[in-house]
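# Geometric and topological summary
Read off the chains here:
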Amino acid sequence: MSVALYTLSERLLLENPCEFLLYSGNIVLDCPRTIIMTIFPDSHVQTEGHLRVTFSQTKQILCWEFSTRRHEEYVKLDLPKQPQPAADDLGFPPAFSSYIKMAEAISRLRKNIISATDELANQKSGRLNNQSQGRRS
């Protein structure tokens with residue numbers, strides 16, 4: 001497995017940043033919710049936290065502070081490719097289509113089996129009634 005060690009891109013997302021001017025003339029950028037997204041070829045990292053940057057009067061960075069609240073890493077997995085099954089007219093795989101057909105056939109048979117069972121039960125109860133009446137007389 002090869003690991004790429006270079007960055008494709010990096011994004012800094014600031015939510016409601018505030019600027020403050022200090023007595024010294026320095027400017028402080030304060031952002032309570034900042035997301036840093038770093039994109040690598042095989043993964044990306046997302047870090048959320050509090051950013052505070054202090055700039056000099058000449059706009060040079062004097063101090064960069066970042067306090068992390070949450071850090072997530074997303075890694076791409078190379079899984080073996082599964083063959084894609086063919087689909088029927090409705091877009092269902094053949095195994096699902098055959099399952100539906102079997103379910104429909106069983107549903108139809110179920111009605112026939114229930115009616116045949118009821119018929120047999122009625123015939124048995126009729127025979128039992130006839131036999132019990134024959135014994136009583």
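This text follows the structure it describes.
The present account deals with the structure reproduced in this document. Predicted model only: the values in this text are computed from it and were never measured. (Residues numbered from 1 in each chain as written. Predicted model: local features only at pLDDT ≥ 70, side-chain atom pairs only at ≥ 80, totals over all residues. Heavy atoms only, no water.)

Scanning the protein from N- to C-terminus turns up one helix and five strands. Here the protein holds 137 residues, and the buried ones make up 17% of them. Within the protein, counting contacts between residues at least 6 apart in sequence, those at least 24 apart form 40% of the total. (Helix = DSSP H or I, 4+ residues; strand = E, 2+ residues; numbered from the N terminus. Buried < 20%, exposed > 50% of the residue type's maximum accessible area, 1.4 Å probe, protein only. Contact = heavy atoms within 4.5 Å.)

Evaluated as defined, the whole model comprises five salt bridges. One salt bridge in this structure joins glutamate 15 and arginine 33, with 2.6 Å as the shortest N-O distance. Residue glutamate 15 is located in strand β1 (residues 9-15), and its partner arginine 33 is located in strand β3 (residues 27-39); the two are separated by 18 residues in the primary sequence. Judged by its relative accessible area of 32%, arginine 33 falls in the partly exposed class. Note that arginine 52 is salt-bridged to aspartate 30, the shortest N-O span being 3.8 Å. In this pair, arginine 52 sits in strand β4 (residues 43-55) while aspartate 30 sits in strand β3, placing the two residues 22 residues apart along the sequence. By relative accessible area, which is 35% here, arginine 52 ends up partly exposed. Three or more residues joined by partner-sharing salt bridges are found here, namely Glu15, Arg33, Glu48, Arg70 and Glu72. (Salt bridge = Lys/Arg side-chain N within 4 Å of Asp/Glu carboxyl O.)

Here strand β2 (residues 18-21) pairs with β3 via four bridges, running antiparallel. Its bridge partner lying in β3, cysteine 18 is registered against aspartate 30. From the end of β2 to the start of β3, which pair antiparallel, there are five residues, and glycine 25 there has a positive phi angle of about 95°. (Pairing = 2+ DSSP bridges.)

Let us now look at the pairing of strand β5 (residues 61-75). Inspection of the sheet shows β4 paired to β5 by 13 bridges, in the antiparallel sense. Following the sheet pairing, threonine 54 is matched in β5 by cysteine 63. Between β4 and β5, which follow one another and run antiparallel, lie five residues, and lysine 59 among them has a positive phi close to 70°.

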